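Now for the letters of each chain:
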Amino acid sequence: MTDTQDPRPSRQQVYTLVVEIGRKIGDGLPERATGAALMVYASGVDEAEAVRETVAILKQAGMAPLDVTGHGTRAEREAEGHEIDEEEAALMARARDENAVIVAQVTPFHD
């Protein structure tokens, strides 16, 4: 075992979050959009950490997060009857493996 390998399993989990964002100059949203909803997969030891990391990264990216709604881990979602397709599962695994925040979908809002 090398120095970089840790024999303990990771405590990181991946949480599905929906983040509502407002407008901000340079946010990359379509010109006439009034905001957007982002579906995000974020890793964290708990949902609070995943939310904090997501908000921080979105602010660094020039976005204006307004509200975050947590939808739980994959296991929690499956227990509620949600179906997780292969593409979604792959994004969740990537978020876990890279200890990352992955924006899976952007839905702009229009008046």
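In this report, we go over the structure that sits alongside the text. (Residues numbered from 1 in each chain as written. Predicted model: local features only at pLDDT ≥ 70, side-chain atom pairs only at ≥ 80, totals over all residues. Heavy atoms only, no water.)

Notes on the overall build of the chain
Within the chain one finds three helices and four strands. Counting from the amino terminus, the chain carries its helices and strands in the arrangement β-β-α-β-α-α-β. Seen along its three principal axes, the alpha-carbon backbone of the chain occupies a region of about 55 × 35 × 25 Å. Here the chain holds 111 residues, and the buried ones make up 34% of them. Partitioning the contacts of the chain with sequence separation of at least 6, the portion at a separation of at least 24 is 71%. Each charge sign in the chain was given a centre, from 11 positive and 21 negative side chains, and these centres are 5 Å apart. (Helix = DSSP H or I, 4+ residues; strand = E, 2+ residues; numbered from the N terminus. Buried < 20%, exposed > 50% of the residue type's maximum accessible area, 1.4 Å probe, protein only. Contact = heavy atoms within 4.5 Å. Lys, Arg positive; Asp, Glu negative; His and termini not counted. Charge placed at Lys NZ, Arg CZ, Asp CG, Glu CD.)

Concerning the side chain of Arg77
Mapping Arg77 onto the fold places it in helix α2 (residues 74–79). Discounting chain neighbours no more than four positions away, the residues touching Arg77 are Thr16, Tyr41, His71, Gly72, His82, Ile84, Glu88 and Met92.

Points about the pattern of salt bridges
Throughout the structure, instances matching the rule amount to five salt bridges. Across the salt bridge formed by Asp27 and Arg23, the nearest N and O atoms sit 2.8 Å from each other. Relative accessible area serves as the criterion here: at 34%, Arg23 is assigned to the partly exposed category. (Salt bridge = Lys/Arg side-chain N within 4 Å of Asp/Glu carboxyl O.)

Quick word on the sheet that holds strand β1 (residues 13–22)
In space, the four strands of this open sheet follow the order β3-β1-β2-β4, with antiparallel pairing throughout. Each end of this open sheet is capped by a strand with a single partner; those strands are β3 (64–73) and β4 (101–109). Across the sheet, the axes of successive neighbouring strands diverge by a mean angle of 20°, strand direction being ignored. The sheet contact formed by β1 and β3 spans seven bridges and is antiparallel. (Pairing = 2+ DSSP bridges. Axes fitted to C-alpha atoms, helices over the stretch in contact; angles between N-to-C directions.)

Focus on the nonpolar core
With 14 residues, the main nonpolar core has Leu17, Val19, Ile21, Leu38, Val40 and Ala42 as its most contacted residues. Of all the elements in the fold, those that place two or more residues in this core are β1, β2 (35–44) and α1 (47–60). The residues touching Leu17, leaving out its near neighbours within four places in the chain, are Leu38, Met39, Val40, Ala42, Glu47, Ala50, Val51, Thr54, Val68, Thr69 and Gly70. If you look at the next biggest cluster of nonpolar residues, it comprises eight residues, including Tyr41, Met92, Ala95 and Ala100. (Core = buried A, V, L, I, M, F, W, Y, C linked by side-chain atoms within 4.5 Å.)

Re α1
In this model, α1 (14 residues) spans 20 Å end to end at C-alpha, consistent with the 20 Å of a helix rising 1.5 Å per residue. Every buried residue belonging to α1 is among Ala50, Thr54 and Leu58, and all of these are buried. Seen from one end, α1 has its buried residues packed into an arc of 60°, which puts them on one side. Every exposed residue of α1 that faces more than 90 degrees away from the buried side is listed here: Arg52, Lys59 and Gln60. Considering only its buried residues, α1 is in contact with β1, β2, β3 and β4. Gly62 occupies a position one or two residues after α1 and carries a positive phi of about 85°. (Expected span 1.5 Å × (residues − 1). Arc of directions from axis to C-beta.)

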